[in-house]
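# Examination of the molecular architecture
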Amino acid sequence: MIGRTGRALGYLALGAPVAILALAWTLVSSILLLLLAPTQLAPRALLGATVVSRSLARFERWRLGWYSGRPVAVPYQPTVAGPVRVRAAAVFREPATRRDAGWLATLFPLALPSMLLALVPTLLAVGLATAPAWLWAVPNPNAPELVAPIVGTWPGRAAAAVLGLALAPLAARWVLTLARGQAGLARLLLRPDDRQQLTALAARLATTRARVVDAQAAELRRIERDLHDGAQARIVAAGMTLALADRKLRGRPDDPVRADVELARRQLDGALAELRHLVRGVHPPILTDRGLSAALGALIADSPLPVDLRVPDDTSVPPAVEAAAYFVVSEALTNAAKHAGAQRCEVTLAGTAGGGLTVQVRDDGRGGADPAGAGLDGLRRRVEALDGILSVQSPAGGPTVVSAEFPCAS
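Residues numbered from 1 in each chain as written. Predicted model: local features only at pLDDT ≥ 70, side-chain atom pairs only at ≥ 80, totals over all residues. Heavy atoms only, no water.

## Comments concerning the layout of surface pockets
A water-sized probe, rolled over the atoms, reveals where empty space remains. One number sums up the size of the second largest pocket: a volume of about 450 Å³. Surrounding the second largest pocket, 18 residues form its lining, L33, L46, S53, T97 and A101 being those nearest its centre. Where the lining of the second largest pocket is concerned, the elements lending two or more residues are α1 (2–36), α2 (42–68) and α4 (95–129). Split by residue class, the lining of the second largest pocket holds nine nonpolar, six polar and three charged. (1 Å grid on protein atoms, 1.4 Å probe; cavity = no way out; pocket = protein on both sides within 12 Å on 5 of 7 lines; lining within 4 Å. Points joined across faces, edges and corners; volume = space filled by probe spheres on them. Helix = DSSP H or I, 4+ residues; strand = E, 2+ residues; numbered from the N terminus. Nonpolar A, V, L, I, M, F, W, Y, C, P; charged D, E, K, R; others polar.)

This is the structure:
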């Protein structure tokens, strides 16, 4: 209680000099801006006045954070580049500018009375509680009859101390109430408004999500490298060992061990093929080594359909976007070959004005693709995880067009 009361008193006491300074600055800046409003100096004067006002408001946010233990976020928007008039207009339209001015104007009639209302009962309670320590040094022969026993006798001073100790909790509660009231109003005016808080939250979530996506992409690349350089290499080495064993057993065609070795080789080859398919499904190695264009070229080379590929010269996008674009093309080509009865496909990649990427796969099949199917739904989730948009147009009779757009912020 003593610590919280002392902090509250410090908070209220610090507000008094700032209130006097804020009142003086509010009057001076208001008169100055009114006088300069018709002149060409008005924008510069507004910017200069805003700098001082924001300095005072920043101190008030520090004072509030020191008292409450919760820092107050700065609500100001980033500085707008451009001429003085443009910057002055942006500062004037900003809600935080008006809220700062409102708090500085309110501070003087609020802070000084609050400080006095807090100090008087606090000093009275402390003075009475410590009466035996100092009251004997100030005897008053002209004291009233009711006060004389308290001033001039030790029992009276002890009674004053008891009264002071009884009043101390009430005074402390009163001081805390005044500080909480002033701090609540200050936080209401000095903190970012709801729109700014939502904007800041959205920015933090976007940054966090981007980090998670990048970390997931890096983890997939690590798993791909481990499978490619570890398990796959071991399987290949085991296959070579079995091949050597099979060669040694060629002179004994009736040996049953040779049949077991050949069976093990076939099983090992099947396991290696499945592992390679798994590696390509996790993250194609060529995508890491040579980029999106080369990976799509290799994908199209393995496609049973003739595919026309149009890729811009520069496709520098984040790794997560590269992987998502690759799997969009892969799934669309697989669907066209297996389900659409297509004879030809077109794959087009293009950059957007904001630095993003659009991917379009068009086939001449019979159409009727279900956008809610498992394959397309999985693609949609992969694209939407990067703030992208996946659209599927597949009328009966075709053609089917699968389009994905990835923003530059992905």
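## Quick notes on the pattern of salt bridges
Summed over all chains, the structure comprises five salt bridges. The partner of R63 in a salt bridge is E60, with the nearest N and O atoms 2.6 Å apart. Here R63 pairs with E60, and both are found in helix α2, just three residues apart, close to one helical turn. In this structure, R63 and E60 share a single accessibility class: buried. Across the salt bridge formed by E346 and R310, the nearest N and O atoms sit 3.8 Å from each other. (Salt bridge = Lys/Arg side-chain N within 4 Å of Asp/Glu carboxyl O. Buried < 20%, exposed > 50% of the residue type's maximum accessible area, 1.4 Å probe, protein only.)

## Brief notes about helix α3 (residues 84–93)
Because each turn of an α-helix spans 3.6 residues, side chains separated by three or four positions end up pointing in the same direction. Within α3, the full set of buried residues consists of V84, A88, A90 and V91. In a view along the axis of α3, the buried residues occupy a sector of 160 degrees, so they form one face of it. Of the exposed residues in α3, those oriented more than 90 degrees away from the buried face are R85 and R93. Looking at the buried side of α3, the elements it contacts are α2 and α4. (Arc of directions from axis to C-beta. Contact = heavy atoms within 4.5 Å.)

Function cannot be inferred from these measures alone, as they are strictly geometric.
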